[in-house]
Amino acid sequence: MSTVSYVGDAVARIAYISSDIVLSVQPSLSHDSGFSRQLHLLILEQVQILRHNADPLLAAFQPLRSGKVVSVTTSSSILLSSVPHLYKLAQYPIVLHVSLQPFGQPDYSEITSIRQSGFVFLQSETLQEAQDIALSAHALAIRSGKGVIHFFDPANSFDDDPIRLENRELARGLLDVTEAWTDHTELSDHSPLYVDDGRRPMVNESTLRLVGNLQVQSLDKEADVSSGKVAKGEGSSVGSSARGSSADSRPTISSATSLSSTRVTRPVTSEDILDYISQIWAQLNTVTGRTYHAFEYSGSPNAEYALFVFGSTGLFVDEILAANPADGFTECGIITARLYRPWLGSSLFDSIPATVKKIAVLEQVRRKTTKWGPVFLDLLSSLKTGTSSSESPKVVGHQLGYIEVATARQALRGIFQNLKSPSSVQNLEVGNHERPHESIIHDSLIQPKIENAYMKILEQLFGQRLYVANRLEAAHAGVSANIATSPEYGFGSLLARMDHRKRFIGDVEEAAKSQDFTTSVPQEWLSRWALSADNPSKANELAVEVIARLSTDGSKLSSRLLSSKALFFRESQWLIGSDAWSYDLGNSGVHHVIASGANVNMLIIDSQPWSQRAAADAARRKKDIGLYAMNFGNCYVASVAVYSSYTQVLEAMIEADQFDGPSVVVAYLPYNKEDDSPLTVLQETKRAVDLGYWPLYRWNPYHEDSGKPNFALDSERIKQELEEFLRRDNHLTQLMNRHPEFSANLSESYGTEVRALQKRKAKNAYSKMLESLYGAPMTVLFASDNGNAESLAKRLGNRGKARGLKTMVMSMDDFPVEDLATEENVILITSTAGQGEIPQNGRAFWEAIKDNAELDLSQIQYTVFALGDSHYWPRKEDKIYYNKPGKDLDARIAFLGGKRLVDIGLGDDQDPDNYHTGYNEWEPKLWQELGVADVGGLPEEPPPITNEDIKIQSNFLRGTIAEGLEDTTTGAIAASDQQLTKFHGTYMQDDRDLRDERKAQGLEPAYIFMIRCRLNGGVATPAQWLQMDSISSSYGNDTMKMTTRQTFQFHGVVKTKLKSAMRGINKALMTTIAACGDVNRNIMCSTLPTKSAFHADVHQISAIISDHLLPSTTAYHEIWLKDDNEKQTKVAGDAVVDQEPLYGPTYLPRKFKITIAIPPHNDTDVYAHDVGLIAIKNRNERLEGFNVLVGGGMGVTHNNKKTYPRTGSMMGYVAADKIHIVCEKIMLVQRDHGDRKNRKHARLKYTIDDMGVDVFRGKVEDLLGYRFEEQRKFEFKSNIDTFGWQKDELGVNHFTFFIENGRVEDTSNHPMKTGLREIAKVHKGEFRLTPNQHLCLSGVHDDDLDNIKALMKDYKLDNVKFSGLRLSSSACVAFPTCGLAMAESERYLPELITKLEDCLEDNGLKHDSIVMRMTGCPNGCARPWLAEIAFVGKAYKAYNMYLGGGYHGQRLNKLYRSSIAEEEILEILKPMIKRYALERQEGEHFGDWTIRSKIINETTEGKAFHEAVAEMESDDEA
């Protein structure tokens, strides 16, 4: 049978089964309490986690008022600070399970301090008692309507034997609320939170009846109980005390009249509580045999001496049971209070033998505030009022300290010697008052590491000037961390510190007039300092000089001033707190700081994620500290978010420090747990800021004095929407002035009722349009994530119209679900997204029907067609995801009564014609069932528009791009233009982190654009770097991405800023044309820092090839580059009539990529591109020519074996002066022979495999008029970068920075972007972007070396001491901007590597290079198919794992595992890394070892990529 071993677990289980809501109070969200370990295993919806310093008991009011049964599991640390709430909560049936702290030496004063709060207090001591008393507490709360506190010392039962799990049948019997005999006052829905709402538990005198299976005992002391006579001391003691209780003052009611009398209600009394708990314990005794009483006595029945212990009893019980006559306490007893409040003296008398003459009271109370202990006074009062003075036992008070196990017997001897003495000493302390500090375990405040983001900014800005008054690690003698970190304590310490400095300034002013210095020099400096003492910059600048002069003076006065030398500096004084301060601004002390007007800065970190805002307790809502502070008019206020705008955080903190008065900086740092990853914080911050939940702003009330606006809005998206609103509002205002008759309609708000009717209006308009048509209605609803399902639905709708049907086509989410039952024929078409999920534009529809049991669809006919990929999930257990959305829809609509027209159709991407195979079988059946299969005279359908159509109709890449940029009604451009803008170097995307939220708000996606520059060979000047930096800040998301194609990429550019960004790039003498699209793209070239002359030769060739293959259209200049007079500003050529002599009007079938590698470094992955050029040098170490590779390519479609990556095939050798012509001819053969019908088969790699290498070579040679020469010898040794400083053959220095995944940005830990900007201002050489996404600072002469090194050190840019795995890693952008991404990549790979680095170090591989790459989809931007270890995103948090790539980039890898998550990745890699460390041969790389060890099979060519994989894909369908 299952058991439980720990008291916290036992109590937590009882709380869980007895409550609707469990409030689990923890030291922090990521640190468990004594209860939360068990609660985490249970249903999360029922358990609400709260931090102990966030006023947790406030969260109890809302569910209590709504009728929920609530319990709280907490340590005793919250009790005193919660006193204002306890008096109200005591009138509700809530149970607080309190674990006394600190562990091992609990302080029971936290219980005695709140004993008058109105709660019932129950105490347990052992593990079994804790389980029983916890259950009793819940039963008592339900029956009495009163709050109950169950408290216990967890250390007391730490060594107890395990007990059985709770008896659920017993629990049900005790918790049967239908038998509770209490009534309560009605509550208003608007009862105030902090004011007594008048609620009082009431008892109904006329309904005394059976409770559970036990009859309530009558007030008549002769009454019987159905289970037998209740013996003295085992039932209610009311009215039957052997010593004559004087406590029972209730009117006596006979059992005969209690059931028939008029209903009389009265407040619940102490005696009622005793009756209830006695009944509960009697029922417990009947089932378990365990007996409990209000006061427990154990020991001799004839004892003359007894101990009343209010504390940990375990030691004393063990010693008394094992005592021998020589000890002097064999004939004694121990008394403990099981029911501490209400305190009922009559029950105490019943529990102890009449022979007891003296009682020693032992109170484990650390905070002694009165001479006599509270329990001592309770006991003394009861004995004096309950017995005659002659019978009354004498009471001797003791204070119980910490006692070691070895000294327990000695302590007992001392207690009984004092007790038996004729003149007993009162208040004798037993044991040590303080336990050894190292043995005390208690909840302590911990600053989450994630908050270091803000702390480091403060430290970087203010350095030694920074003083945080309530810093956690600061020493505050005699003050607990909870108090020392509070704002009121910190504020008090700051006031004292400021007062101290004022006195010090006075002392300095006096000293400046004194003649007690050895020389007159200190006087002069002290006078200058005193005049500037309140000016931070001047005072701190002078302080250094003053201290230096005083140090050399040597006088006594100098020494006295130097003893307080820290006060010469004007500090930047801060209080730092959390959003826990926001719940009660007065109680927390925030109000006092703001109202004081003192020059104090507060940084308040709000950690509530945007995604949890809806779950927040409305009655316990946080106050807006920023708005509150603004109302005072004397306070600087800023709202910031470091993961949104680092620059704004810097500005706000500097302004706060400079502001003379209180400053409040409210900082956003959302996390679910304190150990959340930065990626999680980044995603939550993006949502909150971009959706307006967390606005970024700064407010300075004194700016208006200088003519500046007080308020500065820093949230870009809110600013844009505000500008749009103001434009629209201005337009409407003008319209209303011109046409007053329309004023009311125009000014009407677009409220929620209007938005709710949008779907219905659209549907009704559609229906009205179809009324004039004949034939049966057909409603086609689609859910599509990649356009296939939508295009099928529209085509089906058109075909239905041609057959005479009244057809309506809509996305599922645009259709009002409540109208579904009124339709006649419903066709649902859905694709499969993510991990078997319904696409985004069908999720709301699915959510509305999946749990709706009231929707009656018995009158509709329906069918479903689903699109999916049967090979997408190779493991049998995952086959359920194949076409899961369609299958779920089919099953659910059938369950709701729908009648199938046709069985569900399943489209499979693995069929010969993809999903069309299944669709072409399904559609004729549908027409047959609808009776329109044999309709004649159907019109021919126009062929679908392809990319080739778009290109040929675009007028040489113009399309309607210019018109689309002028359209301000949307942030998007037309679908056809989205294809054309790629040729211009920009992709339209949307912020995928915000998709769901914006859709829920009825907004279009947050459309943004990515801009990619064209940068030959990755070489940029310092001026170009500065311009790119400026563009990223002014128009992008304040970051730059250095791509795997050696160029700059900007993200987050909105449409209105797109043209400005393009012009900014043009001003840097750079361009974006042909950076994307079906043309030759950016030419790549090895960075080669050690051979500058050779690099210059090769780079020159790359520029020649790039210029030679550049498109000739002038559309780029017309659209993007115009001056103020709207005249064309051309940067290349003066063509009047467009023509494309190389490309023609349809350009290439697909993208075309060329790269140059310089042996022995294959850093450009020369085998991975359409054309790979291997530079061959002559005897003089200069360029001679190139070996030419063709047919490389990385793009793949998951589980589509017709697509595969391929490494380039050798064509031969060509001299350097002819290479641009060779590249042209290769491109022309691809132009004329590439597949223009199937874009997945259009790359050069497929053309060569279809044609054969020799045939392809022959066609190229025919165009050239000569043959390729035999290839020249070469050798590659690596394809990664060499980091750190290197010298070239000319003695010039080069430094390669490690830029993780190419993202250049400022963070709190690393101001990289700022540092590189400062370096660019002084650098005289080049910036070379590497193909592995890093950066080479090239051409640093020795004269400039020290200055550059100093800047690098200042901005932490000189660190390249990372693990070999991290230095060899690479990742694409993926989420949130890439529309093709299926999983995280750039934001996740660093985290994964961190989790592997300990394993690498343990196995001696920390500095060994292993090439690891990650992409969010199979298109291969980071060239994953050549990596030794690769992860390719397949669904959110799921990746395919590939092994066996060549370290030099010469060999493809192969699938090892499919659709695995992080846990499986680590389980696979860690043992594999250990094995590699043990088994590898000298110089053997990881990829080679995996093949030699037969972990993976070698991929010999691209066509063999899918063969002999480690995890065979199954064709079995689930």
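Here is a short report on the structure shown in this document. (Residues numbered from 1 in each chain as written. Predicted model: local features only at pLDDT ≥ 70, side-chain atom pairs only at ≥ 80, totals over all residues. Heavy atoms only, no water.)

**Observations concerning the pattern of salt bridges**
- One pass over the structure, following the stated rule, counts 63 salt bridges.
- A salt bridge links Glu304 to Lys357; its shortest N-O distance comes to 3.9 Å. Taken together, the residues span a long stretch of sequence, with Glu304 in the loop between strand 14 (295–299) and strand 15 (305–310) and Lys357 in the loop between helix 10 (345–351) and strand 18 (358–363) at a distance of 53 residues.
- Residues Asp1249 and Arg1206 are paired through a salt bridge, measuring 3.1 Å at the closest nitrogen-oxygen approach. In this pair, Asp1249 sits in helix 41 (residues 1244–1251) while Arg1206 sits in the loop between strand 42 (1183–1190) and strand 43 (1209–1215), placing the two residues 43 residues apart along the sequence.
- Looking at Arg1206, the relative accessible area reads 6%, which means it is buried.
- Salt bridges sharing common partners tie together Glu948, Lys951, Asp1078, Arg1236 and Arg1239. (Salt bridge = Lys/Arg side-chain N within 4 Å of Asp/Glu carboxyl O. Helix = DSSP H or I, 4+ residues; strand = E, 2+ residues; numbered from the N terminus. Buried < 20%, exposed > 50% of the residue type's maximum accessible area, 1.4 Å probe, protein only.)

**Overview of the sheet that holds strand 46 (residues 1303–1304)**
- Taken together, 5 strands build an open sheet; the order of strands is 34-35-38-37-46 and the sheet is antiparallel. At either end of the open sheet lies a strand with only one pairing partner, and these are strand 34 (986–990) and strand 46.
- Here strand 35 (residues 1007–1012) runs beside strand 38 (residues 1048–1053); their pairing, made up of 3 bridges, is antiparallel. When the sheet's bridge partners are listed, Ile1011 is paired in strand 38 with Phe1050. (Pairing = 2+ DSSP bridges.)

**A look at the pairing of strand 19 (residues 394–400)**
- Within strand 19, 6 of the 7 residues are buried, which leaves it mostly tucked inside the rest of the structure.
- Sheet topology note: the strand 18/strand 19 ladder contains 6 bridges and is parallel. Each bridged residue has a counterpart across the sheet, and for Ile359 the counterpart in strand 19 is Val395.

**Some remarks on the packing of aromatic side chains**
- Evaluation of the coordinates by the stated rule reveals 47 aromatic pairs.
- On the numbers, 6.1 Å between centres and 75° between planes, the contact of Phe504 with Trp529 is edge-to-face. Highlighted residues: Phe504 in helix 15 (residues 487–513) and Trp529 in helix 16 (residues 521–531), separated in sequence by 25 residues.
- Classification of Trp529 by relative accessible area gives buried; the value is 0%.
- In this structure an aromatic cluster arises from ring pairing among Tyr108, Phe121, Phe151, Phe295, Phe308, Phe310, Tyr340 and Trp343.
- Positioned above the aromatic ring of Trp525 is the side chain of Arg528, whose terminal nitrogen or guanidinium carbon lies 4.2 Å from the ring centre. (Phe/Tyr/Trp six-rings, centres within 6.5 Å; stacked < 30°, edge-to-face > 60°. Lys NZ or Arg CZ within 6 Å of the ring centre and 35° of its normal.)

**Observations regarding the sheet that holds strand 42**
- Pairing is mixed in the open sheet, where 5 strands are placed in the order 39-40-41-42-43. In this open sheet, the two strands that pair with only one neighbour each are strand 39 (1084–1085) and strand 43.
- Summarising the sheet, strand 41 (residues 1171–1177) and strand 42 pair through 7 bridges and their orientation is antiparallel. The residue bridging Ile1176 from the neighbouring strand is Gly1185, located in strand 42.
- Along the sheet face, helix 42 (residues 1253–1264) touches strand 42 and strand 43 and points at about 25° away from the line of strand 43. (Contact = heavy atoms within 4.5 Å. Axes fitted to C-alpha atoms, helices over the stretch in contact; angles between N-to-C directions.)

**Things to note about the pairing of strand 50 (residues 1412–1415)**
- Where burial is concerned, the two faces of strand 50 agree: the one with Met1412 and Met1414 and the one with Arg1413 and Thr1415 are both buried.
- Alignment of strand 49 (residues 1369–1371) against strand 50, held across 3 bridges, turns out to be parallel. Opposite Ser1369, over in strand 50, you have Met1412 as the bridge partner.
- Handedness of the strand 49-helix 46 (residues 1389–1402)-strand 50 crossover: left-handed. (Right-handed = clockwise from strand over helix to strand, strands pointing away.)

**Topic: the environment of Gly401**
- For Gly401, the location among the structural elements is in the loop between strand 19 and helix 12 (408–420).
- In this structure Gly401 comes out as buried when scored by relative accessible area, which is 8%.
- Residues Gly401 and Gln105, 296 residues apart in the sequence, show an inter-C-alpha distance of 8.3 Å.
- Non-local contacts of Gly401, meaning those with residues more than four positions away in its chain, are made with Arg366, Val430, Gly431 and Asn432.

Fair warning: the whole summary comes from geometry, so function is off the table for now.
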